[in-house]
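Next come the chains, spelled out residue by residue.
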Amino acid sequence: MSNDTEADENAPEEGGGVTDEEPESPPSDGGDGFTEGVADEPSDGPVGPGERGDVPGSQNGHSEDAGEGTIDDLGSDVEVDAEVAEDVDEDDLLGGLKIDSTSEIDVPDRLVDQVIGQEHARDVVMKAAKQRRHVMMIGSPGTGKSMLAKAMSELLPPEELQDVLVYHNPDDGNNPKVRTVPAGKGEQIVEAHKEEARKRNQMRSFLMWIIIAIVIGYSFIIAGQILLGILAAGVIYLAFRYGSRGGDAMVPNLIVNNAETTTAPFEDATGAHAGALLGDVRHDPFQSGGMETPSHDRVEPGAIHKANKGVLFIDEINTLDIRSQQHLMTAIQEGEFHITGQSERSSGAMVQTEPVPTDFIMIAAGNLDAMENMHPALRSRIKGYGYEVY
């Protein structure tokens, strides 16, 4: 990717427009529960990939024409058609609105329009959604961090969603192949493979019963060895059943299905263990002898894979162990991450898929002390590719 493109004069400074200095004390609220922890106001315009430090494969390498729209096009003000009292009592929680019940107030359809009292944080989230940037939100519990994160997923375009399929690798069973297709095509591919497998099994069963009938008829009528004919029929039956198990390995495993998804995915990975966050491969107790489960059927996606083309929200990110934070940083930087077994005692530890897309926007949240136990390199990725809001 070339870095010779000119940057917009309103683009944020290097590092996403944030300062390198840590706040010594919690910044004072600006009346909305959040104050901006940045030196310069992030611009509405696009930022050149060279200024943001993007790498090939990163989801933040998207650029946009400066004249495409303003931040006002993304949000809207909520108006209430109700009378307001002239003399408002200081203890009136409704600000003088003359209503009998909350049913008289129309609630906006979009979550971003339902945010009240966090206008600055809402504007930053909408800018980040437009520019596909990460966001780090620091604030007290109950200030609407998770609501803002979910609202961001509604602002992303859903037409880019993908389905992810895992196929059996005939050359190396422990290295399944990965294929991405447009949303909705995954189910069609799986059904086509299942139908082909059903036809193959029907033909095999028909051939098996013909052979068994011939063997039993020969033993009864010609040879006169009834017992020998029954034993031969049993051996033929077991041989066909044992040989038909390999046909199931040809059906791919649909690990990410966005066929019925109308908005960009939103995955809340708060408190998730390594397997739920990064993906896992289930243990196979048989492993051999023709009774084993194909490795691609045991692959389970993680939250980073389900959030592809969407939003990954992690609250209290400092509670993640260092190893998971390092893998999360790799997924952010590379835009893809392979799936392997997370337990060393499991047979799934021997399986490692091809890289699976992880092109997500991450919204990390926490209290001010979350900075202390957060991996410095992971925080630098968020600051370099996005915004920090206090």
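Residues numbered from 1 in each chain as written. Predicted model: local features only at pLDDT ≥ 70, side-chain atom pairs only at ≥ 80, totals over all residues. Heavy atoms only, no water.

Asker: An account of the sheet that holds strand 1 (residues 134-138) is needed here, citing residue identities and associated values.
Answerer: Taken together, the five strands give an open sheet; going across it, the order is 5-8-11-1-12, and neighbouring strands pair in parallel fashion. Among the strands making up the open sheet, the edge pair consists of strand 5 (266-268) and strand 12 (386-389). Taking each pair of neighbouring strands and ignoring which way they run, the sheet shows an average axis angle of 15 degrees. As defined by bridge partners, strand 5 adjoins strand 8 (residues 311-315) across three bridges and the pair is classed as parallel. Within strand 8, the position partnered with F266 by the bridge is V311. Helix 3 (residues 145-155) rests against strand 1, strand 5, strand 8 and strand 11 (361-366) of the sheet, and its axis sits at about 170 degrees to strand 8. (Pairing = 2+ DSSP bridges. Helix = DSSP H or I, 4+ residues; strand = E, 2+ residues; numbered from the N terminus. Axes fitted to C-alpha atoms, helices over the stretch in contact; angles between N-to-C directions. Contact = heavy atoms within 4.5 Å.)

Asker: Mind laying out helix 8 (residues 322-334), listing which residues take part and the relevant values?
Answerer: Along its 13 residues, helix 8 runs 18 Å from first to last C-alpha, staying within 8% of the 18 Å computed at 1.5 Å per residue. Taken together, the buried positions of helix 8 are occupied by S324, Q325, L328, M329, A331 and I332. Each buried residue of helix 8 sits inside an arc of 160 degrees when the element is viewed along its axis, so together they form one side. Between the side-chain oxygen at the start of helix 8 and the backbone nitrogen of R323 there is a gap of 3.1 Å, and the oxygen is on D321. Downstream of helix 8 by a residue or two, G335 has a phi angle that is positive, lying close to 75 degrees. (Expected span 1.5 Å × (residues − 1). Buried < 20%, exposed > 50% of the residue type's maximum accessible area, 1.4 Å probe, protein only. Arc of directions from axis to C-beta. Polar contact = N/O pair within 3.5 Å; in protein donor to acceptor, adjacent residues only side chain to side chain.)

Asker: An account of the confidence of the model for the protein is requested, with residue identities and associated values reported.
Answerer: Close inspection of predicted coordinates is inappropriate in any region flagged by low pLDDT. Taken residue by residue, the protein gives an average pLDDT of 76. The fraction at 70 or more is 75%. Across the protein, the element-wise mean pLDDT spans from 39 in helix 1 (residues 49-52) up to 95 in strand 9 (residues 336-337). (pLDDT = per-residue confidence, 0-100.)

Asker: Account for the pairing of strand 8, naming residues and giving values.
Answerer: Counting buried residues along strand 8, five of its five residues qualify, which places the element largely inside the surrounding structure. Covered by surrounding structure in strand 8 are V311, F313 and D315 together with L312 and I314, the residues of both alternating faces. Sheet topology places strand 8 next to strand 11; five bridges connect them, and they run parallel. Pairing of I314 across the sheet is with A364, part of strand 11.

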